[in-house]
Amino acid sequence: MPLAKKSSEKSAVKIRIIIADTTLTATLENTQAARDFVALLPLDLTLADYNGTEKIADLPAKLSHKDAPQGYTSKVGDIAYFAPWGNLAFFYHDFVYSRGLIRLGQIDGSVDALMGDSDITVRIEQAQNGDDSE
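Residues numbered from 1 in each chain as written. Predicted model: local features only at pLDDT ≥ 70, side-chain atom pairs only at ≥ 80, totals over all residues. Heavy atoms only, no water.

Engineer: I tried to follow unusual backbone geometry on my own but got confused; where do I start?
Structural biologist: In most cases, non-glycine residues show a negative phi, while peptide bonds are predominantly trans. Geometrically, the link from Leu 41 to Pro 42 is a cis peptide bond, its omega value of 0 degrees lying close to zero. Note on placement: Pro 42 falls in the loop between helix 2 (32–40) and strand 3 (43–50). Even without being glycine, Asn 51 reaches a positive phi, approximately 65 degrees. By secondary structure assignment, the location of Asn 51 is in the loop between strand 3 and strand 4 (54–58). Residues other than glycine seldom take positive phi values, yet Asp 67 does so here, at roughly 65 degrees. Given the relative accessible area of 73%, Asp 67 is considered exposed. (Helix = DSSP H or I, 4+ residues; strand = E, 2+ residues; numbered from the N terminus. Buried < 20%, exposed > 50% of the residue type's maximum accessible area, 1.4 Å probe, protein only.)

Engineer: Explanation requested: the nonpolar core in the structure shown.
Structural biologist: The nonpolar side chains of a soluble globular protein tend to be buried, and buried together. Ile 17, Phe 37, Leu 104 and Ile 124 are the most contacted members of the largest nonpolar core, which has 31 residues in total. Ranked by residue count, the leading element in this core is helix 2, at four residues. Ignoring anything within four residues of it in the chain, the contact list for Ile 124 reads Ile 15, Arg 16, Ile 17, Phe 37, Leu 41, Pro 42, Leu 43, Leu 45, Leu 88 and Phe 90. Counting residues in each nonpolar core, the second largest holds seven residues, with Tyr 72, Phe 82, Phe 91 and Leu 101 among its members. (Core = buried A, V, L, I, M, F, W, Y, C linked by side-chain atoms within 4.5 Å. Contact = heavy atoms within 4.5 Å.)

Engineer: Hey, could you run me through the sheet that holds strand 10 (residues 120–126) in this one?
Structural biologist: Strand-to-strand pairing in sheets goes through backbone hydrogen bonds, with the strands running parallel or antiparallel. Spatially, 1-2-9-6-7-4-3-10 is the arrangement adopted by the eight strands of the closed barrel, whose pairing is antiparallel. The mean inter-strand angle of the sheet, taken between neighbouring strand axes irrespective of direction, is 35 degrees. Pairing between strand 1 (residues 13–19) and strand 2 (residues 22–28): seven bridges, direction antiparallel. Paired with Ile 15 across the two strands is Ala 26, which belongs to strand 2. Sheet contacts for helix 2: strand 1, strand 2, strand 3, strand 7 (87–91), strand 9 (101–107) and strand 10; angle to strand 9, the most-contacted strand, approximately 65 degrees. (Pairing = 2+ DSSP bridges. Axes fitted to C-alpha atoms, helices over the stretch in contact; angles between N-to-C directions.)

Engineer: What's the story with the packing of aromatic side chains in this structure? I'm lost.
Structural biologist: The geometry of an aromatic ring pair comes down to the distance between the two centres and the angle between the two planes. Tallying each qualifying case throughout the model produces two aromatic pairs. Relative to Trp 85, the ring of Tyr 50 lies with its centre 5.6 Å away and its plane at 90 degrees, an arrangement referred to as edge-to-face. Pair noted here: Tyr 50 is in strand 3 and Trp 85 is in the loop between strand 6 (78–82) and strand 7, with a separation of 35 residues, a long-range link. For Tyr 50, a relative accessible area of 35% puts it in the partly exposed group. Arranged with centres 5.1 Å apart and planes meeting at 90 degrees, the rings of Phe 82 and Trp 85 form a pair that is edge-to-face. Members of the aromatic cluster, joined through ring pairs, are Tyr 50, Phe 82 and Trp 85. (Phe/Tyr/Trp six-rings, centres within 6.5 Å; stacked < 30°, edge-to-face > 60°.)

Shown next as structure tokens:
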């Protein structure tokens with residue numbers, strides 16, 4: 001039963017978000033939703049702009065929201081799952097508290113490659129050990 005006390009640093013998962021010739025790295029949280037997301041990787045998605053704040057795409061499967069808070073206030077660089085719609089979101093601007101939003105992780109560094117109102121094709125994959133950035 002002491003499973004809730006596991007170290008998040010030990011279980012941190014790094015991913016790569018590849019946009020044309022730019023690669024972003026991100027660190028995912030140690031949550032069931034984030035683990036469900038990793039199980040879907042690699043993914044090729046088209047991200048659409050939403051509300052001038054985030055890029056979104058539907059996921060091929062729903063992620064668990066077990067033990068997730070009812071919502072949260074997103075910040076620049078957050079990677080999140082919006083449970084009511086079943087979509088993935090990459091925030092390039094801060095946004096207000098949103099019920100049903102589950103934080104999956106954080107982009108490590110600049111989010112400039114996500115900005116703008118055009119669609120973006122991305123490949124998301126789990127980074128290999130020692131593969132922090134490109």
